[in-house]
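Chains, contacts and geometry: an overview
The primary structure of each chain is shown beneath.
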Amino acid sequence: MTAVAASWHELASALRPRAQAFIDGAFVPAASGATYADASPRDGRAIADVARCGAEDVERAVAAGRAAFEAGDWSQAAPRERRALLLRLAGLMEERLDELALLESVDVGKPIGDALRVDVPNAAACLRWYAEAVDKLYGEVAPTGRDALALVEREPLGVIGAVVPWNYPLIITAWKLAPALATGNSVVLKPAEQSPLSALALAELAAEAGLPDGVLNVVPGFGPEAGEPLGRHPGVDKIAFTGSVEVGRRFQVYAGESNGKQVSLELGGKSPQIVLADAPDLDAAASAIAWGIFYNAGQTCHAGSRLVVERPIREELVARVVAAAAELEPADPLDPSATVGAVIGEAPLERVLEHVAHAREQGAVLACGGARADPVPGGSYMAPTVLDAVPPHAALVHEEVFGPVLAVQEAADAEDAVRLANATEYGLAAAVWTREVATAGRVARQLRAGTVWVNTYDAGDVSTPFGGMKASGHGRDRSLHALEHCTQLKTTWIALT
Ligand code: NAD
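Treat the numbers as computed from the prediction; the structure is a model and nothing was measured.

Points about a nonpolar patch on the surface
Among the surface-exposed residues, Val 141, Leu 149, Ile 494 and Leu 496 lie close enough to one another that they form a single nonpolar patch of about 330 Å² accessible area. Mapped onto the elements of the fold, Val 141 is located in strand S5 (residues 140-141).

This is the structure:
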């Protein structure tokens, strides 16, 4: 960390972020000239007037992406050339760590320490990983007879529309951009309206690194105004979407009603942590449960928002989780010692509070929190909240709250725990805590989730695929598998007779 507490506030007041759209290698206003005020949930104040893009801007961005793709400077470049450029971009991100971290912290109200240690480094590491991978991938020769040579190669799709949420703007943008760019595609990125600033800064760095004009375009704006025209555009070959179930399903409709483009969906979750009575270390479990739900103020797709605990240890574990939660009270995001920051805005905060009130009406017992917090006047903050004895039919068990709220359910045994854990429409992530390897393996196999952790939570890196089952979607970000979603197979059959 290079700046001290007082200077983060000074730097934040001096911020003049890039706020225009980035199309065909240049920052430009929206064609309509419209802007919107991008406010920080840290204190409710506007940070920038951001270009409010619409269909005309999307049209220009897709045309620029297509022209760049056809020109071939990027799409046809040797993999080692794309590798070198993406490594330069990752290096520039690391050089501008403070600036990117500050934008991310102010735009979404997350602790500056997290942005410095997690968001920016992880995003840069993701770019580095795909850059390093792309010149080491081989095609295939099919096992035909002697009189033919059949090559199976991967080709880029063309223009990929990336539509991302606000909770981890840089990380999720990197998950989309890195494999798409590494394989030679052009990208039109639609950041969330709440958090466009780091995406625009990244576009500037990409240009500085030497990315040809038109390969990366950024169209900030609102979902129905900029996201929908992108989803419906006949010149877009694929939408890589991360966000809510409701909007993800809309993109499938947009695709079906336009050109049948591919759509990959990374959606929400209601992820359970199962703790069995023989869990090896209740303190470790309590700490992981608290961090698993309260990190990023609970606004994480795979937040461990449900605790399913075996009866004999329920009281003890809930007490320890409540004690761990006390360490995670929200604080000023610009204070380097803050562990938890803001909820994204007033309306979402009200919705979280309504969820809590409704769960209590349905019989849940408030163990801690349940109310707003006020570390910075004008901001949107909520105390870490634990609701015990939540009935299985309660909305809190089934609906994604996207705030710092843990729902506790009691299980009679491991089998009952699995049944409760699987009883939602989501299937993004889950965990099981037990001393028995065989139990862990059995339960992990029974859980319908894209990732299952054993005796830990939220561990992993870019080398492992990440995505959901059931309503949580079907795409996979991260790992070499993400490259499959950015490319298509081409067979070349050569007659040898
Ligand atoms: P959201 O679905 O409201 O918005 C996501 C993106 O879609 C934004 O860019 C938004 O502008 C755009 N959009 C909204 N309405 C649209 C419309 N009608 N047409 C076209 N585009 C539209 O989600 P959010 O509130 O930004 O993010 C929170 C959600 O994202 C949660 O459900 C969370 O679980 C999910 N999420 C999933 C993952 C994952 O990897 N599975 C990661 C992070 C977040």
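Description of the site of the ligand
Surrounding the ligand, one finds 30 residues, the nearest of these being Lys 190, Glu 193, Ser 244, Leu 267 and Glu 400. Within the side chain of Lys 190, one N or O atom sits 2.6 Å away from an oxygen atom of the ligand. Here an oxygen atom of the ligand sits 2.6 Å away from a polar atom, N or O, in the side chain of Ser 244. Within the complex, the protein chains bury 91% of what would otherwise be the 850 Å² of accessible surface of the ligand. Where the shell around the ligand is concerned, the elements lending two or more residues are helix H8 (223-232), strand S10 (238-242) and helix H9 (245-257). In the shell around the ligand, the residues fall into 17 nonpolar, 7 polar and 6 charged.

A short note on empty space enclosed by the protein
Evaluation of the coordinates by the stated rule reveals 5 cavities of 30 Å³ or more. Along its surface, the largest cavity is lined by 18 residues, and Lys 176, Lys 238, Ala 240, Asp 477 and Cys 486 are the ones closest to its centre. Of all the secondary-structure elements, those providing two or more residues to the lining of the largest cavity are strand S7 (159-163), helix H6 (169-182), S10 and strand S11 (262-266). Looking at the lining of the largest cavity residue by residue, the class counts come to 10 nonpolar, 3 polar and 5 charged.

Regarding the side chain of Thr 385
Turning to its location among the elements, Thr 385 is positioned in strand S17 (residues 385-388). Residue Thr 385 is classed as buried on the basis of its relative accessible area, which comes to 0%. Within the structure, Thr 385 has its side chain in polar contact with the backbone nitrogen of Gly 370 (distance 2.7 Å). Contact partners of Thr 385, with chain neighbours within four places excluded, come to Phe 294, Val 356, Leu 366, Cys 368, Gly 369, Gly 370, Pro 404, Val 405 and Leu 406.

What counts and what doesn't
- Within each chain, residues carry numbers counting from 1 in the order of the written sequence.
- Predicted model: local features are reported for residues with pLDDT of at least 70 only, side-chain atom pairs are reported and counted for 80 or more only, and whole-chain, interface and lining totals are derived from all residues.
- The basis for every side-chain value is the complete set of heavy atoms in the structure, and neither hydrogens nor water enter the calculation.
- Each patch groups residues whose relative accessible area exceeds 30% and which form no salt bridge, using 9 Å between like charges and 5 Å between nonpolar side chains of Val, Leu, Ile, Met, Phe, Trp and Tyr.
- Exposure was quantified through the Shrake-Rupley algorithm and a 1.4 Å probe, taking into account, for residues, occlusion by the shown protein chains and nothing else.
- Salt bridge criterion: a side-chain nitrogen from Lys or Arg within 4 Å of a carboxyl oxygen from Asp or Glu.
- By definition, any uninterrupted DSSP run of H or I lasting at least four residues is a helix, any uninterrupted run of E lasting at least two residues is a strand, and each is numbered from the N terminus.
- One heavy atom within 4 Å of a molecule or strand makes the whole residue count as near it.
- Any pair of nitrogen or oxygen atoms within 3.5 Å is treated as a polar contact; in protein, a donor-acceptor pairing is required on top of that, and neighbouring residues in sequence qualify only through side-chain atoms on both sides.
- Residues are grouped as follows: Ala, Val, Leu, Ile, Met, Phe, Trp, Tyr, Cys and Pro are nonpolar; Asp, Glu, Lys and Arg are charged; every other residue, Gly included, is polar.
- Method remark: on a 1 Å grid restricted to protein atoms, a set of points is classed as a cavity if a 1.4 Å probe fits but cannot get out and as a pocket if it is open with protein on both sides within 12 Å along at least five of seven lines; lining residues have an atom within 4 Å of a point.
- Grid points are joined across faces, edges and corners, and a volume is the space filled by probe spheres set on the points.
- To sort residues, take the accessible area from a 1.4 Å probe on protein chains only and compare it with the maximum for the residue type: under 20% means buried, over 50% means exposed, and anything in between is partly exposed.
- Note on contacts: a residue pair is in contact if any heavy atoms of the two residues lie within 4.5 Å.

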